[in-house]
Amino acid sequence: MQNNTNKENIDQLFRSKLEGHKVVPPPGIWDGIAADMDTRKRKKRAIWIIAFSSAAALLLAFMAGWYFSEKITETETRYAEEIKTIDNNNDFSKPEKAATKEEGIEKDYQTNELSTEQEPTNFAHTLKDTSPLPAQKGKTTPIKIQQIESVENDKIKGILAFLKPTGLYKLKSKKPSRELIAMNTAGFSDADRKIIEANLRNMPENDDEKNKGQWLLGIQASPAYRFEQGGSGTDKADIIYSVNQSGATPQYITNVTGGVKFEYRTGKRLAIHSGVNYGEIAQRNASLGVSFTGHNWLNENFGTDAMYSPGESEKNSIPETNNTVVATNIGLANIEMPQGTELALANRQNTTYANEVTRNTEFEQQAGYIEVPLILSYSIINKGIGLYVLGGINTNILTSNNVELVNNNEVIGTGKIEGLNPLTFSSSLGLGLNYTLGKRLNLSVEPTMKIMLNSLSNEAIYETRPYTVGVYTGLSYRF
Amino acid sequence: MEELEKLIEGCKLGKRDAQARLYRLYSPELFGVCLRYSRDQTEAEDTLHEGFMKIFRKIGQFSHKGSFQGWMTRIMINTALGKFRNRYKVQPVEDISAYDRETGENEAYTNLDTDVLMKLISELPPRYRMVFNMYAIDGYSHSEIAGMLEIAEGTSKSNLARARKILQNKIIEMGFIDKVYAK
């Protein structure tokens, strides 16, 4: 009890004396805090400046893109020209020959403004059907442009923005809509509205499409040149028959790959495409020897030469069913040989046995893949001919797997490659050129390199990751 | 009270004069808190500096619901605890005997009550100092302390008991105990 009281007393003593205890801190501390706050502010400001500058630079780049990529088309100037005709008919002050197109529009407009005040009904009528009005002489006074400028300047600017549908007003609204423009016509005179309406009617229909995403569906094909990346696993597998022992280097067969692709263009620059392609990784090894003297041929003829003679385990792996396992660049090929034949992979120029072996047998292996690409492309130039870079990942699904021994165009043995990965991935990197044929068709040529990211074989000793070079040519339809 | 709200609003807008006034008003009391939680004056000054930076940074989050001073005190305590935790990670072993040494000199305590008590607290092993401050003076419960210091509740209790024992012994040694209890 006494103990408890002591405890409480200790706590109480300290609490009563130290709770709210004030000690004035040394004077320098506030200066330090203030200085730190300033540094923080500066840092914050720097971040804002950087962010703002980046945003401004981006905006400028976009605006420059718009400015340079879009021209004022005939449609856009037509109404100004028509007005010019009307003015002439009405015998108003002759519009001066404009130095530039835009200046011409502006001056025509200013003239027009005055004429509508005098003859609003007629003018509106003229705009509806664009046949010229009969001459109405003596109804006007000469116009001084400066006078109108002061009163109508803002209005004219507004109209000019609408007259140039691909120009200024785009900057004001990301998604220009006819409704929006129609709503904004409040404050204009009747004649102004007529002009705006007329322009809206003639606004290019696909203007929206230009800014929205676009879908493309097409086909593409390419020759596939394949090469080995560095060494292959063959030599590591010298414990069994290896195609390399034949002396001939196995060659990848150049074949065609292709399929359908669909593409989504998110805007002017970025596009993503996918699809389904079919391709085959195939290898051929020519001039293999096949002995038709039975499966002991090798042993009998090469005796104790370990390099060319199967060891005990290999002997066991050559069973009575006459299956032969051969190491290839891609993996282990398991071939069912015809009875009474034997692969003779040795390439030794041994004249004694040369006649016994036919060396014109081809050994072909083929692995078929369905490829699902996921490619991102970024447009660098987009003027008539487009140039873009592309990159992405392909998922390859193994669909077929064959090994054939062909002798004089006759398949003498078939089999499979063992241990192929059912799923492999490759990366794509390429350049693309596209060209628009007509309104909806698009031709593209994409030199692309694909590098296998994982080995074709799931057996560690066959680390085979061929790379493929191709020129994908495609035709797609935009909708 | 209205004036305080104006001051807070000024600080929320980042006005330097408002910040300076707030500092002048509250720094003595908050420095007192910092000293209690610190080993020495330098550390307390660091805590005060860091704590005020946090206060100015986070003042926008203060909702006027509780006591503003309480809010600032909590920030200071948390800042001190943060420093303690960082240091404790590097120096997990405490030489308690170093703190058990005799205070020795019989200083002439002019303002005995507070100065001596502050000194006694600062001489406690760091974790004991934290626990004792939080429990005995700032009114945190053991479960709160356990959460804030990332220790077990039992550890908090035993640390408190050890801290009390040390303080009590020192007070007795210094011959102040009777005087203190008589008050």
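Owing to the predicted nature of the structure, the values given are computational and were not obtained by experimental measurement.

Draft legend 1. Broad picture of the overall build of chain A. For chain A, the count of helices and strands is 13 helices and 14 strands. In chain A, which comprises 479 residues, the proportion classed as buried is 42%. Restricting the contact set of chain A to residue pairs at least 6 apart, pairs at least 24 apart contribute 73%. Surface accessibility of chain A: about 26100 Å² in total, with carbon and sulfur atoms responsible for 58%.

Draft legend 2. Fine view of the overall build of chain B. Within chain B one finds ten helices and zero strands. In chain B, the succession of helices and strands from N to C terminus is α-α-α-α-α-α-α-α-α-α. Expressed as a percentage of the 183 residues in chain B, the buried residues total 50%. Taken as a whole, chain B presents about 9100 Å² of accessible surface, with 49% of it coming from carbon and sulfur.

Draft legend 3. How the structure looks around the nonpolar core. Ranked by size, the top nonpolar core spans 65 residues in total, and within it A:Phe14, B:Leu22, B:Phe68 and B:Phe132 carry the most contacts. With eleven residues, the single largest contributor to this core is helix 2 (residues 16–37) of chain B. Both domains that meet at this core, namely domain 1 (1–92) and domain 2 (98–183) of chain B, each give it at least three residues. Grouped together as the second largest cluster of nonpolar side chains are 15 residues, A:Ile281, A:Ile330, A:Val403 and A:Leu420 included.

Draft legend 4. Here's a closer look at the pattern of salt bridges. Applying the stated rule across the entire model yields 13 salt bridges over all chains. Across the pair B:Arg39 and B:Glu43 runs a salt bridge, and its minimum N-O distance is 3.5 Å. By relative accessible area, B:Arg39 is classed as partly exposed at 39%. What emerges from the salt-bridge pattern is a single network uniting A:Lys261, A:Glu263, A:Arg265 and A:Glu446.

Draft legend 5. Examining the interface of chain B and chain A more closely. Residue-level contacts link 37 residues of chain B with 28 residues of chain A. In total, about 3200 Å² of surface goes out of reach between chain B and chain A, with carbon and sulfur atoms giving 71% of it. Where chain B meets chain A, there are two salt bridges. When the shortest N-O distance is used, the salt bridge between A:Asp11 and B:Arg164 registers 2.5 Å. Seen at the junction of chain B and chain A, the total is five residue pairs in polar contact (both at pLDDT 80 or more). Of all the elements in the fold, those that place two or more residues in the side of chain B that touches chain A are helix 2, helix 3 (41–58), helix 6 (112–122), helix 7 (126–137), helix 9 (153–173) and helix 10 (177–182) of chain B. Examining the composition of the side of chain B that touches chain A, we find that eleven residues originate from one element, helix 2 of chain B, more than from any other. Among the residues forming the side of chain B that touches chain A, the class breakdown is 21 nonpolar, eight polar and eight charged.

Draft legend 6. Spatial organisation of unusual backbone geometry. Positive phi values are uncommon outside glycine, yet B:Glu150 reaches one of about 55°. Examined against the element boundaries, B:Glu150 turns out to sit in the loop between helix 8 (142–149) and helix 9.

Draft legend 7. Just the side chain of A:Thr424, in detail. Structurally, the position occupied by A:Thr424 is in strand 12 (residues 423–437). For A:Thr424, the residues in contact, after removing those within four places along its chain, are A:Tyr369, A:Asn394, A:Thr395, A:Asn396, A:Met452, A:Asn454, A:Ser455 and A:Leu456.

Draft legend 8. Representation of the packing of aromatic side chains in the model. Within the structure shown, the criterion is met by eleven aromatic pairs over all chains. Ring plane angle 85° and centroid distance 5.1 Å describe the contact between A:Phe14 and B:Phe132, whose orientation is recorded as edge-to-face. Separated into two different chains, A:Phe14 in helix 1 (residues 2–18) and B:Phe132 in helix 7 make up a pair that spans both. For the pair A:Phe14 and B:Phe132, a shared accessibility class is recorded, and that class is buried. Arranged with centres 5.2 Å apart and planes meeting at 35°, the rings of A:Trp30 and B:Tyr23 form a pair that is tilted. One end of the pair, A:Trp30, is in helix 2 (residues 28–69); the other, B:Tyr23, is in helix 2, on a second chain. You can call A:Trp30 buried: its relative accessible area is 15%.

Draft legend 9. Seen up close, helix 2 of chain B. At B:Ser27, helix 2 of chain B shows its largest bend, some 55°, and a proline, B:Pro28, comes one to four positions later. Among the 22 residues that make up helix 2 of chain B, 16 are buried, leaving the element largely enclosed by the rest of the structure.

Draft legend 10. Fine view of the confidence of the model for chain A. Residues and elements named next belong to chain A. Looking at chain A, pLDDT values average 67 and 51% of them are 70 or higher. Low pLDDT, under 50, characterises residues 293–310; the predicted model gives this stretch 34 contacts beyond four residues in sequence or across chains. Low pLDDT, under 50, characterises residues 346–355; the stretch is placed with 14 contacts to residues that sit more than four places away or in other chains.

Draft legend 11. Representation of the pairing of strand 12 of chain A. Residues and elements named next belong to chain A. Two elements, strand 10 (residues 385–407) and strand 12, share 13 bridges in a ladder whose sense is antiparallel. When the bridges of strand 12 are listed, Thr395 appears paired with Phe425. With ten bridges connecting them, strand 12 and strand 13 (residues 441–452) associate as antiparallel partners. Note that in strand 13 the partner of Thr436 across the bridge is Asn442.

Draft legend 12. Geometry of the environment of A:Thr424. Since its relative accessible area comes to 0%, A:Thr424 is described here as buried. For the pair A:Thr424 and A:Asn396, spaced 28 residues apart in sequence, the C-alpha to C-alpha distance is 5.1 Å.

Draft legend 13. Up close: empty space enclosed by the protein. Residues and elements named next belong to chain A. Under the counting rule described, the total for this entry stands at ten cavities of 30 Å³ or more. Approximately 190 Å³ is the volume attributed to the largest cavity. As for the largest cavity, its lining consists of 16 residues, of which Arg226, Ile281, Glu371, Asn396 and Thr468 are closest to the centre. Put simply, the parts of the chain that give the lining of the largest cavity at least two residues each are strand 1 (214–227), strand 5 (270–291), strand 9 (357–383), strand 12, strand 13 and strand 14 (467–478). The residue inventory of the lining of the largest cavity, partitioned by class, reads six nonpolar, six polar and four charged. Taken together, 13 residues line the second largest cavity, and the ones lying closest to its centre are Gln220, His273, Ile375, Glu446 and Lys450. Put simply, the parts of the chain that give the lining of the second largest cavity at least two residues each are strand 5, strand 9, strand 10 and strand 13. For the lining of the second largest cavity, the class distribution of residues is four nonpolar, six polar and three charged.

Rules of the game
- Residues numbered from 1 in each chain as written.
- Chains lettered and ligands numbered in written order.
- Predicted model: local features only at pLDDT ≥ 70, side-chain atom pairs only at ≥ 80, totals over all residues.
- Heavy atoms only, no water.
- Helix = DSSP H or I, 4+ residues; strand = E, 2+ residues; numbered from the N terminus.
- Buried < 20%, exposed > 50% of the residue type's maximum accessible area, 1.4 Å probe, protein only.
- Contact = heavy atoms within 4.5 Å.
- Areas by Shrake-Rupley, 256 points an atom, 1.4 Å probe, with all protein chains shown as cover.
- Core = buried A, V, L, I, M, F, W, Y, C linked by side-chain atoms within 4.5 Å.
- Domains from an automatic or database assignment.
- Salt bridge = Lys/Arg side-chain N within 4 Å of Asp/Glu carboxyl O.
- Buried area = accessible area lost by both parts, 1.4 Å probe.
- Polar contact = N/O pair within 3.5 Å; in protein donor to acceptor, adjacent residues only side chain to side chain.
- Nonpolar A, V, L, I, M, F, W, Y, C, P; charged D, E, K, R; others polar.
- Phe/Tyr/Trp six-rings, centres within 6.5 Å; stacked < 30°, edge-to-face > 60°.
- Bend = angle between axes of the 7 residues up to and from the residue.
- pLDDT = per-residue confidence, 0-100.
- Pairing = 2+ DSSP bridges.
- 1 Å grid on protein atoms, 1.4 Å probe; cavity = no way out; pocket = protein on both sides within 12 Å on 5 of 7 lines; lining within 4 Å.
- Points joined across faces, edges and corners; volume = space filled by probe spheres on them.

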